[in-house]
Amino acid sequence: MNIVSIVGIIALCIGALGLLHPKLIGTLVSICTGAFRFWLAILARVVLGILFLVVAPHCEVPVLVQVIGGISLLAAVVILMMGQESLDATIEWWLARPQTWVRASALFAFAFGWLMLYAA
């Protein structure tokens, strides 16, 4: 099992949790706030992006894993450029949406998890 599989399993679990208990996902997202959440979001994307690029040659679908790694690194740059206040505002906007939005996001996470398991 490599890091891509682990990320896939985590995404599947988060997706399932969001589909079954969307309010809990909102609560979990709200726990981290401010500068900690901002830098954690950037760090997580940089680490995952680099790891995906490193392990991609050992995966079943290396191009897909490389693309996801590149998107992750790009997302880190975008979050850095948007700044903490904009990230906080975006998250608060998302949390204020109806639970169907959270479930739709959770469905995306669930599908992403399956895709990562396939690619690994």
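Residues numbered from 1 in each chain as written. Predicted model: local features only at pLDDT ≥ 70, side-chain atom pairs only at ≥ 80, totals over all residues. Heavy atoms only, no water.

Let us now look at a nonpolar patch on the surface. Judged by side-chain polarity, L74, V77, V78, M81 and M82 come together as a nonpolar surface patch covering roughly 480 Å² of accessible area. The topology assignment puts V78 in helix 4 (residues 62-96). (Patch = residues over 30% accessible without salt bridge, like charges linked within 9 Å, V, L, I, M, F, W, Y side chains within 5 Å. Areas by Shrake-Rupley, 256 points an atom, 1.4 Å probe, with all protein chains shown as cover. Salt bridge = Lys/Arg side-chain N within 4 Å of Asp/Glu carboxyl O. Helix = DSSP H or I, 4+ residues; strand = E, 2+ residues; numbered from the N terminus.)

With that settled, the discussion passes to the packing of helix 1 (residues 3-20) against helix 2 (residues 22-31). Two packed helices can be described by the angle between their axes and the distance between those axes. Put simply, helix 1 and helix 2 touch, their axes get as near as 5 Å, and they point 120° apart. If you check the angle between helix 1 and helix 2, you find them oblique. Counted together, I14, L17, G18, L19 and L20 of helix 1 and P22, L24, I25 and L28 of helix 2 form the full contact between these two elements. Looking at the contact of helix 1 with helix 2 residue by residue, the class counts come to 8 nonpolar, 1 polar and no charged. (Axes fitted to C-alpha atoms, helices over the stretch in contact; angles between N-to-C directions. Parallel < 35°, antiparallel > 145°, perpendicular 65-115°, else oblique. Contact = heavy atoms within 4.5 Å. Nonpolar A, V, L, I, M, F, W, Y, C, P; charged D, E, K, R; others polar.)

Here we take up the side chain of N2. Looking at the secondary structure, you find N2 in the segment before helix 1. At a separation of 2.9 Å, a polar atom in the side chain of N2 contacts the main-chain amide nitrogen of V4. Excluding anything up to four places from it in sequence, N2 contacts C59 and A120. (Polar contact = N/O pair within 3.5 Å; in protein donor to acceptor, adjacent residues only side chain to side chain.)

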